[in-house]
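Coordinates in review
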Amino acid sequence: MSVEVSSHSLFANRLCLDFANLPFASGDRAEGAIFWDEFVDFLAVKRIISPEKTASIRAMAKSDPCAAQNLLDHAERLGHALRLCFRAILRSQDLHREWVEPVNRILRVTEGHDELQWDGTAWRLGFIAREEGLEWLLAAIARSGAELISEGASQNLKQCANPDCQILFYDDSRTHRRRWCSMALCGNRSKVAAFARRNQQGEGEKASAHHA
Ligand SMILES: [Zn+2]
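These numbers were taken from a predicted model, which means no experiment stands behind them. (Residues numbered from 1 in each chain as written. Predicted model: local features only at pLDDT ≥ 70, side-chain atom pairs only at ≥ 80, totals over all residues. Heavy atoms only, no water.)

1. Overview of a nonpolar patch on the surface
Nonpolar side chains collect at one region of the surface, where Leu 116, Trp 118, Trp 123 and Leu 125 lie side by side and expose about 530 Å² of accessible area between them. At the level of elements, strand E1 (112–118) and strand E2 (123–129) are the ones that each hand at least two residues to the nonpolar patch. Mapped onto the fold, Trp 123 is located in strand E2. (Patch = residues over 30% accessible without salt bridge, like charges linked within 9 Å, V, L, I, M, F, W, Y side chains within 5 Å. Areas by Shrake-Rupley, 256 points an atom, 1.4 Å probe, with all protein chains shown as cover. Salt bridge = Lys/Arg side-chain N within 4 Å of Asp/Glu carboxyl O. Helix = DSSP H or I, 4+ residues; strand = E, 2+ residues; numbered from the N terminus.)

2. Side note on the layout of surface pockets
For the largest pocket, the calculated volume is near 1300 Å³. The wall of the largest pocket is formed by 34 residues, among which Lys 46, Gln 117, Arg 124, Leu 125 and Gly 126 lie closest to the centre. Going through the elements one at a time, helix H3 (36–45), helix H4 (51–63), E1, E2 and helix H7 (139–151) are the ones with two or more residues in the lining of the largest pocket. Looking at the lining of the largest pocket, the element that brings in the most residues is H7, giving 7 residues. Grouping the constituent residues of the lining of the largest pocket by class yields 17 nonpolar, 5 polar and 12 charged. (1 Å grid on protein atoms, 1.4 Å probe; cavity = no way out; pocket = protein on both sides within 12 Å on 5 of 7 lines; lining within 4 Å. Points joined across faces, edges and corners; volume = space filled by probe spheres on them. Nonpolar A, V, L, I, M, F, W, Y, C, P; charged D, E, K, R; others polar.)

3. Topic: unusual backbone geometry
One non-glycine residue, Asn 13, adopts positive backbone phi at about 70°. Mapped onto the elements, Asn 13 comes out in the loop between helix H1 (3–8) and helix H2 (15–21). The exposure class assigned to Asn 13 is partly exposed, which follows from its relative accessible area of 37%. Here the phi dihedral of His 176 falls at roughly 55°; this positive angle occurs in a residue that is not glycine. With respect to the helices and strands, the residue His 176 is situated in the loop between strand E4 (168–170) and helix H8 (183–211). Taking the relative accessible area as the measure of exposure, His 176 reaches 27% and is therefore partly exposed. (Buried < 20%, exposed > 50% of the residue type's maximum accessible area, 1.4 Å probe, protein only.)

4. Let's talk about the coordination of the zinc ion
Taken together, the protein ligands of the zinc ion are Cys 160 (SG), Cys 165 (SG), Cys 181 (SG) and Cys 186 (SG), with distances of 2.3 to 2.4 Å. Around the zinc ion, the 4 donor atoms are arranged such that angles at the metal cover 105 to 118°; this shape is classified as tetrahedral. The sequence motif formed by the donor residues of the zinc ion is C-x4-C-x15-C-x4-C. Placement of the pair is Cys 160 in the loop between strand E3 (157–159) and E4 and Cys 186 in helix H8, with a sequence separation of 26 residues. (Donors = N, O, S within 2.8 Å, 3.2 Å for Na, K, Ca; no water. Tetrahedral: all angles 85-135°; square planar, octahedral: opposite > 155°, others 65-115°.)

Right, here's the structure in full:
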């Protein structure tokens with residue numbers, strides 16, 4: 001499992017948001033890395049593919065590189081579209097029709113049904129796709145995105161308050177006051193920074209008092 005998927009981006013409370021937070025879905029290809037492994041890790045962690053299937057899908061990068069690249073292109077388009085939509089919702093802006101098209105495209109080509117699934121702690125409503133083509137791997141993500149988009153402007157959709165982070169998450173806390181993607185990652189970091197600022201100010205005041 002890659003570091004990105006295991007520790008970076010799965011705080012969002014919604015499948016579509018966790019997906020949109022993945023570096024590869026953001027179109028961040030600065031390092032020229034191959035994102036297939038990251039994508040497959042995500043599908044496995046989110047139980048979209050079973051452990052038995054994970055190895056054969058991962059091997060597609062070599063066994064069927066065209067199909068793998070085609071799916072990755074779809075995934076990137078979907079991720080990009082979702083991010084545009086969620087950013088607009090955060091800013092109470094209208095969504096462009098072309099932004100939702102990649103979501104609709106996946107919804108159109110994937111048939112399936114909803115099913116209640118026990119995830120070890122709670123019952124979740126999951127989407128079971130009929131396995132035709134490879135786009136079914138994106139069906140649950142597109143469906144989750146479509147649900148959030150149709151929910152519209154909502155105080156539950158948020159962006160981490162750390163300006164360097166920008167992770168999107170769904171605040172389903174009772175008080176709706178969650179500010180950070182993760183307290184451990186950004187919350188504590190911000191507290192440390194605020195403490196340092198206060199301390200610096202204190203030092204500054206002491207210095208100027210001394211000077212006077
Ligand atoms: Zn954050």
